[in-house]
Amino acid sequence: MKIGLIREEKLPPDKRVAFSPRQLFQLQEYYENRVSFKVEPSPIRCYSDEEYEAKGIEVTEDVSDCEVLMGIKEVPTEKLIPDKTYFFFSHTVKGQVYNRKILQEVLKKNIRLIDYEMLHLTDGRRAAGFGRWAGIVGGYNSLWAYGKKSGLYSLRRAFQCRDSAELFEELKKVELPPIKLVITGDGKVATGVLEILEALKIRRTLPEDYLQRYFEESVYTQLGVEEYNQRRTDGGFNKGEFFRHPERYEGCFLPYAEVSDILIAAAYWDPKAPRLFQMEDISNPDFCLSVISDITCDINGSVPTTIRPSTIHDPVYDIDRESFSELPAFGRQNSISVVAIDNLPCELPRDASEDFGRQLSESVIPELLKGDAEMIENATIADNGLLKPAFQYLADYVRGI
């Protein structure tokens, strides 16, 4: 099997890649004559063309003889090569309108599209993802933004650090007053956030203590979905029901917003599920959140103040508490500062790419080489010009209905 690593051409530029040079060399050695790789040249990739060539990997503009092409972000429609197998994050499975054309073109060009987001292990866990790195950078950025807003300390931006080791060294500059931080979610993204908070030795508290007690030191609590959602009819909660029928539930997050200084949103959100709060809630004098780091970056989603994505080079915008309009970053002391970068792992691209490649090497490449693996089949959105049965629900989306 010939696999090509394609360059990232979506804007803004993404420096990540599916495999590091060392990993491609190891895969070719391990599988001997069963798999080979080519790499498209790229001036922005976190690993240089020369680093791949030094490991004996061919760098070429012509990857047309590769059966499988692997990228990270969405591939521009004009770059899609007919009759190939593609791996990338398509961002189509929720019916995202802005990516409808990609799926239309995939079907038109008879492309087999495999979405990384849909690759799952037998126990249901994601086989490969950047969640941990989104959490690490998102957690770091929330503290960077708080330091910037409060004037208490100053950190370098994550992308200015050489790697994660340097980023964690930078955290030694953080000096927090007795503030409260609330984190939503309990998956890989939230785990990455906790790595940052634990490096700072911030005390963790149970949700009930967090709400009721005053602390003379900074503290944080982590909330699962059961702590900020409740059944409309009786205030109860059943996890299975919630994930099957989130529309039956209402949010109960506001008590946390009334005692917290920083919110780090790291939980997956279903559009049918309740929001954490409503935009009009931020005008209430009891609404204390000052910095919101929305790692989920669902526009007008679970966090209403996320009205647009921010970028690595322009990471913050403020929301006015009265008019709900956007203000310049840190424009007013009492406005809410929002960090909503939608490509956080790009701030530590080499670390993130190395980890992603490890996951692919261990879990996905062996399945891909089998030829008929269930994991690959379940993650295939389209093939032979048709949507696969599990993704037939996207038919109206493709037609623009």
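No experiment lies behind these values; they were computed from the predicted model shown.

### Overview of unusual backbone geometry
With an omega of 0°, the peptide bond running from Leu-11 to Pro-12 counts as cis. Mapped onto the fold, Pro-12 is located in the loop between strand S1 (2-5) and helix H1 (21-31). Phi at His-91 takes a positive value of approximately 50°, unusual for a residue other than glycine. On the secondary structure map, His-91 appears in the loop between strand S5 (85-88) and helix H3 (100-108). By relative accessible area, His-91 is classed as partly exposed at 23%. Positive phi, close to 50°, is recorded for Cys-297, a residue that is not glycine. Looking at where Cys-297 falls in the secondary structure, it is placed in the loop between strand S13 (291-294) and strand S14 (316-319).

### Describing the sheet that holds strand S8 (residues 203-204)
Pairing within the open sheet is mixed, and its 8 strands lie in the order S8-S9-S7-S12-S13-S16-S14-S15. Only two strands of the sheet have a single partner each, and these edge strands are S8 and strand S15 (326-327). Across 2 bridges, the pairing between S8 and strand S9 (residues 219-223) is parallel. If you follow Arg-204 over to S9, its bridge partner there is Tyr-220. Sitting on the sheet, helix H4 (residues 131-150) touches strand S7 (180-184), strand S12 (262-265), S13, S14 and strand S16 (336-339), and the angle it makes with S13 is about 160°. Each of S7, S8, S9 and S12 touches helix H6 (residues 188-199); the most contacted strand, S9, lies at about 165° to it.

### Considerations on the packing of H4 against H6
Where H4 meets H6, the closest approach of the two axes is 6 Å, and the angle between their N-to-C directions is 45°. Taken together, H4 and H6 sit at an angle that is classed as oblique. Between H4 and H6 lies a crossing of right-handed hand. On H6, the residues touching Gly-131, Arg-132, Gly-135, Ile-136, Gly-139, Tyr-140 and Leu-143 of H4 are Lys-188, Val-189, Gly-192, Val-193, Glu-195 and Ile-196. Within the contact of H4 with H6, the residues separate by chemical class into 6 nonpolar, 4 polar and 3 charged.

### Observations regarding helix H11 (residues 349-370)
With 22 residues, H11 ought to run about 32 Å at 1.5 Å a step, and its terminal C-alpha atoms sit 30 Å apart, in line with that. At Ser-361, H11 shows its largest bend, some 45°. Counted residue by residue, H11 has 16 buried out of 22 residues, so it is predominantly covered. Looking at the residues trailing H11, positive phi occurs at Gly-371, about 95°.

About the criteria used
- Residues numbered from 1 in each chain as written.
- Predicted model: local features only at pLDDT ≥ 70, side-chain atom pairs only at ≥ 80, totals over all residues.
- Heavy atoms only, no water.
- Helix = DSSP H or I, 4+ residues; strand = E, 2+ residues; numbered from the N terminus.
- Buried < 20%, exposed > 50% of the residue type's maximum accessible area, 1.4 Å probe, protein only.
- Pairing = 2+ DSSP bridges.
- Contact = heavy atoms within 4.5 Å.
- Axes fitted to C-alpha atoms, helices over the stretch in contact; angles between N-to-C directions.
- Parallel < 35°, antiparallel > 145°, perpendicular 65-115°, else oblique.
- Left-handed = near helix turned anticlockwise from the far one by under 90°.
- Nonpolar A, V, L, I, M, F, W, Y, C, P; charged D, E, K, R; others polar.
- Expected span 1.5 Å × (residues − 1).
- Bend = angle between axes of the 7 residues up to and from the residue.

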